[in-house]
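One letter stands for each residue in the lines below.
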Amino acid sequence: MTACPTGIAHTYMAAEKLSQAAESLGHVMKVETQGSIGAENVLSDNDVKEADGIIVAADKDVDPARFVGKRLLVVGVAEGIRHPEELIERVRSAPVYGGSGDASGGGTGAPSARSGGSGGGKERSLAYKALMNGVSYMIPFVVVGGLLLALSLAVGGEPTPKGLVIPEGSFWAHVNDIGTIGFQLMVPILSGYIAYAIGDRPALVPGMIGGWIANTGELYDSKAGAGFIGAIVTGFLAGYLVMWIKKVRVPRFVRPIMPIIVIPIVATAALGLFFIYVLGKPISWVFTHLTDWLSGMTGTSAIALGAVLGLMIAFDMGGPVNKTAFLFGAGLIASGNQTVMGMCAAAIPVMPLGQGLATLIRRRLYSEQERETGMAALFMGLFGISEGAIPFAAARPAQVIPANMLGGAVAGAVAGMAGVTDAVPHGGPIVAVLGAVGGVPMFFVAVAVGSVVTALATVALVNVSDRGKGGAAGARVAAAPEPVLAGVGAAVAPVPPTAGATAAMAEAGAMVAGAGAMVDGTGASPAGAGATSAGVSSAGAASAEEPVVLSGHLTRETVRVRLAATEKEAAIREMAELAARSGKVTDVEELVRVALAREAQGTTGLGEEIAIPHAKTDAVTAPVVGFARSAAGVDWDSLDGTRAKLVFLISVPEAAAGDEHLRILALLSRKLMDPDFRARLQGAPDESAVLRVLGEVG
């Protein structure tokens, strides 16, 4: 199978290389590809049963359960591209997979491609990918639960001395209950899918139960659970605990029940008890002593107290620190001191409002899903639901949490300085609208200033962080970020079934995966990856009119038969200037910056002397594709070590970056797999001839 988080280019490159190698060695090979448009050429039970061995060349999670009892070789995608013949020979003597993580190949532990590679860089990549996996599954629960809670409060809530209350048994009470369930599941889902990304299916149950325990303070004598921070801890603990248990050698007769009975039970019990008896006690201690400390601050400066409360409210959004500050403010309402709750009420909406505002200020820093989550966070912030910012904090804790705390401190300090009061234990603009706040104008000033500070601080910190990583300013994943040809990132939205897009090596993907292949020792031609182009040929005799290439995005003005640059950065700059000849580029420097940022996330050198740098940016007004040839080639860090001689630059505006970006990549990469097509493209004498050859792409 071919498995990859994004599933376009390197997925199909490895599949094609393995198929060609099998044919040359006289073997039958069937390659299953799991690309951005789903699984193709799927290995049936009979295929697996009849195979002499299974090759998995992938850089992402691949479930090997159906390969139990077969010779299994697990390697990284680069091996599938560079050494396909060697892999075919190695799999014939690979150990038989017994279902307990004993596959041979590029790693240890579970036979997943994430085990491949070496060094700390791969481990950091696994941790990042696991965190993003948890966040991506958590986001729908945050959005659905938060919006249902906000809607029920807005329509059915009534202000009372105890806060906004929805009458019991009413329709909106039931809507509120459904939203509450969504929020209750949010933390276990985050923990469970972090664990799943590390330890596979056996880690899912201990991860989810561990997350539920972390969020249920009553289990360890705390008035508040550990929240999303506790869920991240339990997710990683569960995942790595399961990986460790998998390495324990057990009798063969026990192996079949290890992943479904033994590992989940042992890991769940061990993790749960460890959290309750070891980690839970410090959390309870923190809650108690923070409350005592705040009580000692009530006679100090209102500005200082407001800043401290704002810092605490913003730190863990529902965790023990947040709950300590909130319950402290709520408890003083009954004694007639409403100013402390006023400080808390001003800080509560700052995090979701600030993070939502950040997605509007610098859209290019965020994926499409993150921007949608930002809009939901803005709505939740209006109703005082601070959890709307949790997906952002979980994805970028080092940048988002400090920014949240800074904005929360500012909001709390402004509210304290102005003497804002709140008569109900709730926060956000909704309580002011419903008349529970005293000093309404300054309350809104505090919220607005704090939100702006959070947004600006977030943008600044993310920019600094990305520059420190080599300028990688692209959005991250959580669920479906901007595709990148190779490197660090996340899943991408499926390519629509347009002609030529059904199986392309046009992969723009973070942790790119290779091919899982079934090898049969009988000599015959391979089944291949099920990939044939639907391009329209126009390479015959020269026509009076130049063909329309890539829907008109590539024209004579954006073709150069001789690239002058000899280094990657200079080549990208020359390609950007070439694209500007189309009249669709408004800012060449910005286009270059975004393209280089994508390169920092992972090379766009596909091998076979091909590179396809790409960028989505509003520095272009419409999609534009440039092409240039380099006689000597440019070192593009390609997986197969070849220098790039055929270079395409794809640039699309933000609004058209989804399907159009992938469609162009898919059309190009499929055709570029044809050696004869590449040879004709290399040999075309001038721009007109180049356009006639490229006209075959469509």
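Residues numbered from 1 in each chain as written. Predicted model: local features only at pLDDT ≥ 70, side-chain atom pairs only at ≥ 80, totals over all residues. Heavy atoms only, no water.

**Student:** Teacher, can you tell me more about the pairing of strand β17 (residues 644-652) here?
**Tutor:** Among the nine residues in β17, eight count as buried, and that is most of the element. Inspection of the sheet shows strand β15 (residues 614-616) paired to β17 by three bridges, in the parallel sense. Paired with K616 across the strands is V652, a residue of β17. Bridge count between strand β16 (residues 624-634) and β17: seven bridges; the pairing is antiparallel. The partner of A628 across the bridge, within β17, is V647. (Buried < 20%, exposed > 50% of the residue type's maximum accessible area, 1.4 Å probe, protein only. Helix = DSSP H or I, 4+ residues; strand = E, 2+ residues; numbered from the N terminus. Pairing = 2+ DSSP bridges.)

**Student:** What is the right way to read the pattern of salt bridges from this model?
**Tutor:** Oppositely charged side chains can pair when the atoms bearing their charge come close. This structure, assessed with the given rule, holds eleven salt bridges. Note that D47 and K30 form a salt bridge whose closest N and O atoms lie 2.6 Å from each other. Taken as a pair, D47 in helix α2 (residues 45-50) and K30 in strand β2 (residues 28-35) lie far apart in primary sequence, 17 residues in all. Residue K30 is classed as buried on the basis of its relative accessible area, which comes to 16%. (Salt bridge = Lys/Arg side-chain N within 4 Å of Asp/Glu carboxyl O.)

**Student:** Hey, could you run me through the nonpolar core in this one?
**Tutor:** Note on soluble globular proteins: their nonpolar side chains tend to be buried together. In terms of nonpolar packing, the biggest core is built from 81 residues, with L190, F228, L309 and F443 touching the most fellow members. Per-element accounting of this core gives the leading share, twelve residues, to helix α5 (residues 119-156). If sequence neighbours within four positions are ignored, F443 has contacts with A345, A346, V420, G428, P429, V431, A432 and V437. (Core = buried A, V, L, I, M, F, W, Y, C linked by side-chain atoms within 4.5 Å. Contact = heavy atoms within 4.5 Å.)

**Student:** Help me understand the packing of helix α7 (residues 204-214) against helix α8 (residues 227-246), please; the structure alone is not making it clear to me.
**Tutor:** For any two helices packed against each other, one specifies the inter-axial angle together with the distance between the axes. Contact geometry of α7 with α8 gives a least axis separation of 8 Å together with a crossing angle of 150°. In terms of their interaxial angle, α7 and α8 are classed as roughly antiparallel. The handedness of the crossing between α7 and α8 comes out as right-handed. For the pair formed by α7 and α8, the contact residues are P206, G207, G210, G211 and A214 on the first element and G227, G230, A231, T234, A238 and V242 on the second. (Axes fitted to C-alpha atoms, helices over the stretch in contact; angles between N-to-C directions. Parallel < 35°, antiparallel > 145°, perpendicular 65-115°, else oblique. Left-handed = near helix turned anticlockwise from the far one by under 90°.)

**Student:** Which parts of the structure should I look at to understand helix α19 (residues 568-580)?
**Tutor:** With 13 residues, α19 extends 18 Å from end C-alpha to end C-alpha; this agrees with the ideal 18 Å at 1.5 Å per step. Within α19, the full set of buried residues consists of K568, A571, I572, E574, M575, A576, L578 and A579. The elements touched by buried residues of α19 are β12 (559-560), α20 (588-601), β16 and β17. (Expected span 1.5 Å × (residues − 1).)

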